[in-house]
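An overview of the molecular structure
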Amino acid sequence: MEKYQLIATVAAGIEALVGKELRRLGYDTRVENGRVRYQGDMKDILKTNLWLRTADRVKIVVGEFDARSFEELFDLTTDLPWEDFLPVDAQFPVEGKSHHSQLHNVPSVQAIVKKAIVQRLSRFYHRRTRLPETGALYPLEVAINKDHVLLTLDTTGEGLFKRGYRKNKGGAPLKENMAAALVMLAHWFPDNPFVDPVCGSGTIPIEAALYGHNIAPGINRSFICEQWVNLTPDGLSDEVRDEADAAADYDVELEIHGYDIDQNMIEIADENCRAAGLTHDITFKQLAVKDWHTDEINGVIVANPPYGERLSDHEAVHELYRQMGDLYRPLTTWSKYILTADMEFEKYYGAPATKRRKLYNGALRTDLFQYWGKKKR
């Protein structure tokens, strides 16, 4: 099968995690801002769509070059082998973005690229009339940064964070791939307890269970490239999915708990858990942070508590942070990972973090406050 230059796109702050995931899957990588580059064929494209927990999308690089005029953009786009990717009836909408470049008018950039591709395909397929665009969808993007043009073909479709299990959600849900990133950053081992004290719709515990069982996060969804009969060999998708299913360890016993003060959220979490097929692996229960206690050791707490953007009563949020500090500081063998946009979290928690890591929850700057426990043997 043909090898492609590939890009896994990713939220700012967790590029290294995607690079680590890809290397574990056997790929050589180059980590850049907002993306990780690697190489692979269609089987690799399906495999990485299926397995990447923290990435946003997997894209094929059709071409890249420098362009400072619309004439250059048109000519260099026309020179690319679009017929290797797009059949005669392909639907190929072109999205665009431009930063710090002479070609800064995005609608014009999109129109020029579209026109160039149409010209190339019309010549190749000997079409004198308009291309039909009635077939499968091939979403394209032209991204220009500092006059460097990157043309990509999206193989994913709906973002990778859409695993398919979240049937309902709360008012400020954490995306599934960000929840998976928090689980991975916690360095949790599946033979230790895992607790989310403010679980909301249950995303963090569900991602922990998927990770603990080594279940491919995309196993219950489809990808747009599976519709590309010109590129994806018949039976390849079933082959990759069968391999992923065989790699899962459904027998490992997990101790994962999700708590929330809102019973309605617990019901939503239970519903999502059932949809993910993990009802025997996670216990959800209505419980306030201040009412939780444990005699266990070597556990991990991962939490995305309310902060200012989600709760107008700042004092109530700060009181929650104080309760967390009072409860968690004595748990010296437990590691705690708290994600919040409140940069004063340490003040109310009552202790400086072992480490802080800047992450983005969508466009919102947040910090992951990490308190590392000392494991008891």
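Scroll up to find the structure this text is about.
Residue indices follow the written sequence of each chain, beginning from 1 at its first position. Only residues with pLDDT of at least 70 are given local features in this predicted model, and only at 80 or more are side-chain atom pairs given and counted; all residues enter the totals for whole chains, interfaces and linings. To obtain the side-chain values, all non-hydrogen atoms of the structure were included, while hydrogens and water were left out.

1. Topic: the side chain of Asp 41
The condition is simple: Starting at the N terminus, helices and strands are each numbered in turn, a helix being any DSSP run of H or I of at least four residues and a strand any DSSP run of E of at least two. Working definition: with a 1.4 Å probe on protein chains only, accessible area under 20% of the residue-type maximum means buried, over 50% means exposed, and in between means partly exposed. Charged residues are defined narrowly, with Lys and Arg counted positive, Asp and Glu counted negative, and His plus the chain ends left uncounted. A carboxyl oxygen of Asp or Glu within 4 Å of a side-chain nitrogen of Lys or Arg is what we treat as a salt bridge. Whether two residues are in contact is decided by their heavy atoms: any pair within 4.5 Å suffices.
Here Asp 41 is to be found in the loop between strand 3 (35-40) and helix 2 (42-51). Buried charge without a partner: Asp 41 forms no salt bridge, and the closest opposite charge is Lys 3, 5.0 Å away. Excluding anything up to four places from it in sequence, Asp 41 contacts Met 1, Glu 2, Lys 3 and Tyr 4.

2. Some details on the side chain of Asp 260
As a reminder of what qualifies: Pairs of N or O atoms are called polar contacts if they sit within 3.5 Å, as long as, within protein, a hydrogen donor faces a hydrogen acceptor (for residues adjacent in sequence, only side-chain-to-side-chain pairs).
With respect to the helices and strands, the residue Asp 260 is situated in strand 9 (residues 256-260). Judged by its relative accessible area of 10%, Asp 260 is buried. Separated by 2.9 Å, the side chain of Asp 260 and the backbone nitrogen of Gly 200 make a polar contact. Here the side chain of Asp 260 touches Asp 262 through a polar contact of 2.9 Å, landing on its backbone nitrogen. What Asp 260 contacts, discounting residues up to four positions off in sequence, is Pro 197, Val 198, Cys 199, Gly 200, Met 265, Ile 266, Lys 285, Gln 286 and Leu 287.

3. Focus on the sheet that holds strand 12 (residues 335-340)
Keep this limit in mind: In this scheme, strands are said to pair when DSSP sees at least two bridges between them. Convention adopted: a line fitted to C-alpha atoms gives each axis, helices being fitted over their contacting stretch, and angles between N-to-C directions are expressed from 0 to 180 degrees.
Strand order in this open sheet of seven strands is 10-9-8-11-12-14-13, and the pairing throughout is mixed. Of all strands in the sheet, those with a lone pairing partner are strand 10 (282-286) and strand 13 (355-361), marking the two edges. Across the sheet, the axes of successive neighbouring strands diverge by a mean angle of 20 degrees, strand direction being ignored. Two strands pair when backbone bridges link them, and strand 12 and strand 14 (residues 364-371) are joined in this way by five bridges, in the antiparallel orientation. Within strand 14, the residue paired with Lys 336 across the bridge is Tyr 371. Across the sheet, helix 5 (residues 176-185) touches strand 8 (194-196), strand 11 (300-303), strand 12, strand 13 and strand 14, and the angle it forms with strand 13 is around 165 degrees.

4. Observations concerning the nonpolar core
The test is simple: Here, the term nonpolar core denotes a set of buried Ala, Val, Leu, Ile, Met, Phe, Trp, Tyr and Cys residues that are joined through side-chain atoms within 4.5 Å.
Core analysis: the biggest nonpolar cluster contains 89 residues, and Trp 82, Leu 86, Phe 194 and Leu 278 have the highest contact counts within it. What Phe 194 contacts, discounting residues up to four positions off in sequence, is Val 183, Trp 188, Ile 204, Pro 205, Ala 208, Glu 255, Ile 256, His 257, Val 300 and Val 302. Core analysis: the second largest hydrophobic core is formed by 25 residues, Val 317, Tyr 328, Leu 331 and Tyr 371 among them.

5. Considerations on helix 1 (residues 15-24)
When we look at burial in helix 1, the residues that qualify are Glu 15, Leu 17, Val 18, Gly 19, Glu 21 and Leu 22. Residues of helix 1 that are buried sit in contact with strand 1 (4-9), strand 2 (30-32), strand 3, helix 2 and helix 5. Note on helix 1: the residue one or two positions beyond its end, Gly 26, has a positive phi of about 100 degrees.

6. So, the sheet that holds strand 2
Read across the sheet, seven strands follow the order 2-3-1-4-7-6-5 without closing on themselves; strand pairing throughout is mixed. Because the sheet does not close on itself, it has two edges, and the strands there are strand 2 and strand 5 (94-99). Here the average twist between neighbouring strands, direction ignored, is 30 degrees. Looking at chain direction, strand 4 (residues 57-66) and strand 7 (residues 148-154) are connected through seven bridges and run antiparallel. Note that in strand 7 the partner of Glu 64 across the bridge is Leu 150. Those strands touched by helix 1 are strand 1, strand 2 and strand 3, and its axis lies near 20 degrees from that of strand 3. Contacts between helix 3 (residues 70-78) and the sheet are confined to strand 4 and strand 7, with strand 4 contributing the most and set at about 120 degrees to the helix.

7. A short note on the packing of aromatic side chains
Selection criterion: Any pair of Phe, Tyr and Trp rings, taking the six-membered ring for Trp, is counted once the centres come within 6.5 Å. Such a pair is stacked with planes under 30 degrees apart, edge-to-face with planes over 60 apart, and tilted for the rest. Two limits define a charge over a ring: the Lys NZ or Arg CZ must be within 6 Å of the ring centre, and within 35 degrees of the ring normal.
Tallied over the entire structure, the rule returns eleven aromatic pairs. Seen from their ring centres, Trp 292 and Tyr 328 are 6.1 Å apart, and the 75 degrees between their planes marks the pair as edge-to-face. Taken together, the positions of Trp 292 in the loop between strand 10 and strand 11 and Tyr 328 in helix 9 (residues 314-328) put the pair 36 residues apart, joining distant regions of the chain. Their ring planes at 40 degrees and their centres at 5.1 Å tell us that Phe 345 and Phe 369 sit as a pair that is tilted. You can see Phe 345 sitting in helix 10 (residues 345-349) and its partner Phe 369 sitting in strand 14, a full 24 residues away along the chain. Considered together, Phe 345 and Phe 369 belong to a single accessibility category, that of buried residues. Clustering of aromatic rings is evident, with ring pairs tying together Tyr 321, Phe 345, Tyr 349, Phe 369 and Tyr 371. Positioned over the ring face of Phe 92 is Lys 114, at 3.7 Å from the centre of the ring.

Just geometry here; none of it tells us what the structure is for.
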